[in-house]
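Summary of the model geometry
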Amino acid sequence: MKTNTPSRVAEKRSDSTASPQPLVSCQNVTRQYTRGKKSVLRQRKATQTVTALDDVSLAIDRGEFVGIAGPSGSGKSTLLHLVAGLDTPTRGLLSIDGTDVTTLSAKQRTRLRLETIGIIFQHFYLLSALSARANVAIPLVERGWSKRKRRERATTLLTTVGLDDRITHKPSELSGGEQQRVAIARALATEPDLLIADEPTGELDTATGGSILDLFEELSTDHAVIMASHDERALARTDRVIRLQDGKLIADA
Ligand SMILES: Nc1ncnc2c1ncn2[C@@H]1O[C@H](COP(=O)(O)OP(=O)(O)OP(=O)(O)O)[C@@H](O)[C@H]1O
């Protein structure tokens with residue numbers, strides 16, 4: 001288990017680019033979903049409200065590696081979607097990098113994501129027809145980078161994640177751990193401050209998952225890394241674990 005004394009976290013925080021406000025701030029955030037259900041008896045639509053997140057407050061700084069834990073249905077993915085700017089709260093305040101996300105249009109949130117956030121999904125979502133390098137370069141197309149610059153940056157990132165000898169391989173020619181590394185390199189392409197990972201080691205064997213966690217630990221020196229996981233061994237590698245139950249934050253330590 002990684003021993004993260006408060007001083008280690010403080011040391012990491014002071015190493016990173018100091019910011020007057022936390023990178024992510026949730027204040028009394030609630031997210032409710034409304035499900036429609038046709039009532040046969042009343043011949044009209046009944047609705048059911050699910051409170052997926054209930055009055056959650058937290059702050060995350062650059063230089064932190066934060067775990068999100070909780071049983072299935074406790075609200076982990078809902079929280080990740082909110083801090084990724086993919087969704088907005090029903091109530092409460094949510095700011096990312098000092099920007100109040102609740103006031104942004106969908107287009108403005110997309111821009112914020114492109115500039116600030118890298119997302120790593122459990123199932124990688126790599127394009128099978130493209131090489132590792134071309135997959136990593138995709139976010140840079142949106143940025144309008146030239147092909148030559150995109151290739152250079154993608155090559156550098158693949159080298160950073162230890163895949164310099166797999167640059168022209170297609171996803172089908174890579175192991176699960178290597179594909180996850182390509183997904184991480186792609187998430188880093190736009191130099192985001194915040195990396196968000198949903199069950200990143202769920203499908204990997206212990207050794208490969210461990211090397212992905214090593215990489216996250218290294219990246220958390222100058223990024224904030226938020227990782228949802230069911231795996232207590234993976235959570236033990238983080239600086240702090242936020243635990244959810246029935247949408248409520250029950251521990252943050
Ligand atoms: N789009 C949606 N519409 C309606 N209800 C939803 C929606 N998304 C999530 N929920 C509900 O909100 C609650 C929290 O779901 P969430 O996916 O955030 O949990 P989770 O902790 O990520 O679960 P898991 O570990 O199984 O992925 C659940 O009761 C779920 O059924």
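Small disclaimer: the values here were computed from a predicted structure and weren't measured. (Residues numbered from 1 in each chain as written. Predicted model: local features only at pLDDT ≥ 70, side-chain atom pairs only at ≥ 80, totals over all residues.)

From N to C terminus, the chain includes eight helices and ten strands. Counting over 253 residues, the chain shows a buried share of 38%. For the chain, long-range pairs separated by at least 24 residues make up 71% of all intrachain contacts whose partners lie at least 6 apart in sequence. (Helix = DSSP H or I, 4+ residues; strand = E, 2+ residues; numbered from the N terminus. Buried ≥ 20, exposed ≤ 12 C-beta atoms within 10 Å, placed from the backbone. Contact = placed C-beta atoms within 7 Å.)

What you see with strand β6 (residues 117-120) is no split at all: Ile 117 and Ile 119 on one side and Gly 118 and Ile 120 on the other are buried throughout. Bridge analysis of β6 against strand β7 (residues 194-198) gives four bridges, and the strand direction is parallel. In the strand pairing of β7, Ile 120 is matched with Ala 197. (Pairing = 2+ DSSP bridges.)

Below, the discussion takes up the nonpolar core. Core analysis: the largest hydrophobic core is formed by 57 residues, its most contacted members being Ile 68, Val 83, Val 136, Ile 196 and Ile 226. Ignoring sequence-local partners within four residues, the contact set of Ile 68 consists of Lys 76, Leu 79, Leu 80, Ile 226, Met 227, Ala 228, Ile 242 and Leu 244. (Core = buried A, V, L, I, M, F, W, Y, C linked by C-beta atoms within 7 Å.)

Time to look at the site of the ligand. The environment of the ligand is made up of Tyr 33, Arg 35, Val 50, Ala 52, Gly 70, Ser 72, Gly 73, Ser 74, Gly 75, Lys 76, Ser 77 and Thr 78. Listing elements by their share of the shell around the ligand, those giving two or more residues are β1 (24-39), β2 (44-60) and α2 (76-83). Here the shell around the ligand gets three residues from one element, more than from any other, and that element is α2. Here the shell around the ligand is composed, by residue class, of three nonpolar, seven polar and two charged. (Near = placed C-beta within 6 Å. Nonpolar A, V, L, I, M, F, W, Y, C, P; charged D, E, K, R; others polar.)

Bringing the sheet that holds strand β9 (residues 240-245) into the picture now. Two modes of strand pairing occur in sheets, parallel and antiparallel, and in both the strands are linked by backbone hydrogen bonds. As summarised here, the arrangement of the six strands in space is β6-β7-β8-β3-β9-β10, forming an open sheet in which the pairing is mixed. Two strands close off the open sheet at either side, each with one partner strand: β6 and β10 (248-252). Each neighbouring strand pair of the sheet contributes to a mean axis angle of 20°, computed without reference to strand direction. For strand β3 (residues 65-69) and β9, the ladder comprises four bridges, and the chain directions are parallel. Bridge assignment links Ile 68 to a residue of β9, and that residue is Ile 242. Contacting β3, β7 and β8 (224-228), helix α7 (residues 206-219) runs over the sheet at an angle of about 145° to β8. (Axes fitted to C-alpha atoms, helices over the stretch in contact; angles between N-to-C directions.)

Taking burial as the measure, the five residues of β8 include five buried ones, the bulk of the element. In the sheet, β3 pairs with β8 via four bridges, with the strands oriented parallel. If you follow Phe 65 over to β8, its bridge partner there is Val 225. Where β7 and β8 come together, five bridges link them in parallel fashion. When the sheet's bridge partners are listed, Asp 198 is paired in β8 with Ala 228. Each parallel crossover has a hand, and the one from β7 via α7 to β8 is right-handed. (Right-handed = clockwise from strand over helix to strand, strands pointing away.)

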